[in-house]
Amino acid sequence: MRVFITGASGWIGSAVVPELIGAGHQVVGLARSDASAAALAEAGAEVRRGTLDDLDTLHSAAADADGVIHLAFKHDIAFNGGFEDAADADRRAIDTFGEVLAGSDRPFLIASGTLGLAPGRVATEQDGQESGPVGAHPAGGPAKRLANAHATVALADRGIRSSVVRLPPTVHGDGDHGFLATVVAIAREKGVSGYIGDGANCWPAVHRSDAAHLFRLALESAPAGSTLHAVADEGVPIRTVAEVIGRHLGLPVHSVSPDDAPGHFSWLADFLGMDNPASSAHTRELLGWQPTQSGLIDDLDKGHYFATVPKN
């Protein structure tokens with residue numbers, strides 16, 4: 001297929017691009033900077049210059065493609081008080097792709113997340129499917145982003161082979177500058193590897209190469225309206241993560257009270273305190289996806305998260 005990808009030079013996209021090219025697909029990646037364009041060209045992808053707000057560019061690129069993978073999200077503004085604006089931009093892009101692909105039976109994939117799906121139990125692909133009328137935006141940025149996933153699934157009714165790939169909060173690997181790298185950076189800064197409360201709350205995780213493989217399988221064969229979980233580790237206790245970080249950095253490992261967590265972990269506190277185990281049993285059965293890369297703890301023990309101080 002000729003596949004158009006937004007966010008193609010990002011953390012997930014830069015793994016999806018070689019995964020697709022290696023399987024014989026042609027990739028066209030959206031690039032908003034010279035650096036992104038150069039990275040895509042080096043990876044063997046065709047470059048389409050533009051941003052997520054260039055709806056005419058998105059429209060024409062999707063019209064020329066056999067399938068679309070939408071990975072871009074304005075994380076830079078989302079975590080600086082502009083989550084609703086980021087979710088609105090995401091929705092405009094999804095609506096644009098839906099308009100182009102309607103009636104074509106072409107695949108359209110977006111990335112979503114597992115956080116907050118089923119507090120107190122293991123989340124499955126069936127959780128989080130409840131939605132109001134398509135096009136209705138609940139209040140709040142995260143709720144709007146969930147509505148965007150609902151709208152994508154609903155595109156199956158318009159003749160699009162749509163699917164949502166939910167990613168865990170930790171998509172790990174060498175070069176990661178996301179949540180896990182931020183936890184490591186905070187431990188360095190504070191001189192203590194912390195966890196909130198008893199640290200028994202769990203996060204699911206996946207290596208980014210395994211996540212990229214799932215995006216390819218979904219592109220090629222996921223049924224219309226699928227919700228998929230890119231989950232390898234069903235749930236890793238945050239205290240266990242803190243202990244590994246403390247061991248590698250030579251720091252004490254301490255509990256941080258929920259009241260003190262915002263001061264210690266800043267914006268990450270709300271996420272780090274969540275219990276979010278998730279299953280991918282349905283996804284594995286549906287697509288035959290089997291993670292083959294290192295689990296979260298084994299990947300941490302390889303040491304690359306501690307080799308250099310992550311860039312902010």
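What you see is a predicted model, and the numbers here were worked out from it, not measured in a lab. (Residues numbered from 1 in each chain as written. Predicted model: local features only at pLDDT ≥ 70, side-chain atom pairs only at ≥ 80, totals over all residues. Heavy atoms only, no water.)

**A closer look at helix H1 (residues 13–22)**
Among all positions of H1, only Gly13, Ala15, Val16, Val17, Glu19 and Leu20 are buried. The inward-facing, buried residues of H1 contact strand E1 (2–6), strand E2 (26–31), helix H2 (34–43), strand E4 (67–70) and helix H7 (208–221). One or two positions beyond H1, positive phi appears at Gly24, with a value near 95 degrees. (Buried < 20%, exposed > 50% of the residue type's maximum accessible area, 1.4 Å probe, protein only. Helix = DSSP H or I, 4+ residues; strand = E, 2+ residues; numbered from the N terminus. Contact = heavy atoms within 4.5 Å.)

**Thoughts on the packing of helix H6 (residues 179–190) against helix H8 (residues 238–249)**
One can describe the packing of H6 onto H8 by two numbers: an axis separation of 11 Å at closest approach and a directional angle of 55 degrees. Considering the angle they form, H6 stands oblique to H8. Our pair here, H6 against H8, has a crossing hand that is right-handed. Listed contacts from H8 to Leu180, Val183, Val184, Ala187 and Arg188 of H6 are Val241, Ile245 and Leu249. Here the contact of H6 with H8 is built from residues that sort into seven nonpolar, no polar and one charged. (Axes fitted to C-alpha atoms, helices over the stretch in contact; angles between N-to-C directions. Parallel < 35°, antiparallel > 145°, perpendicular 65-115°, else oblique. Left-handed = near helix turned anticlockwise from the far one by under 90°. Nonpolar A, V, L, I, M, F, W, Y, C, P; charged D, E, K, R; others polar.)

**Looking at the pairing of strand E8 (residues 193–196)**
The two faces of E8 match: Ser193 and Tyr195 on one face and Gly194 and Ile196 on the other face are all buried. Pairing geometry for E8 and strand E12 (residues 253–256), over four bridges, is parallel. Looking at E12, one finds that Ser193 is bridged to Val253. (Pairing = 2+ DSSP bridges.)

**Comments concerning the nonpolar core**
Ranked by internal contacts, the top residues of the largest apolar core, which has 33 residues, are Ile5, Val16, Ile69 and Phe215. Looking at this core, the elements with two or more residues in it are E1, H1, E2, H2, strand E5 (107–113), strand E6 (161–167) and H7. A total of seven residues in this core trace back to one element, the largest contributor, which is H7. Beyond its immediate stretch of four places on either side in the chain, Phe215 contacts Ile12, Val16, Ile69, Leu71, Leu109, Ile110, Ala111, Val165 and Leu167. In this structure, Ile238, Val256, Leu296 and Tyr305 belong to the second largest nonpolar core, which totals 28 residues. (Core = buried A, V, L, I, M, F, W, Y, C linked by side-chain atoms within 4.5 Å.)

Honestly, that's just the spatial picture; any functional story needs more than this.
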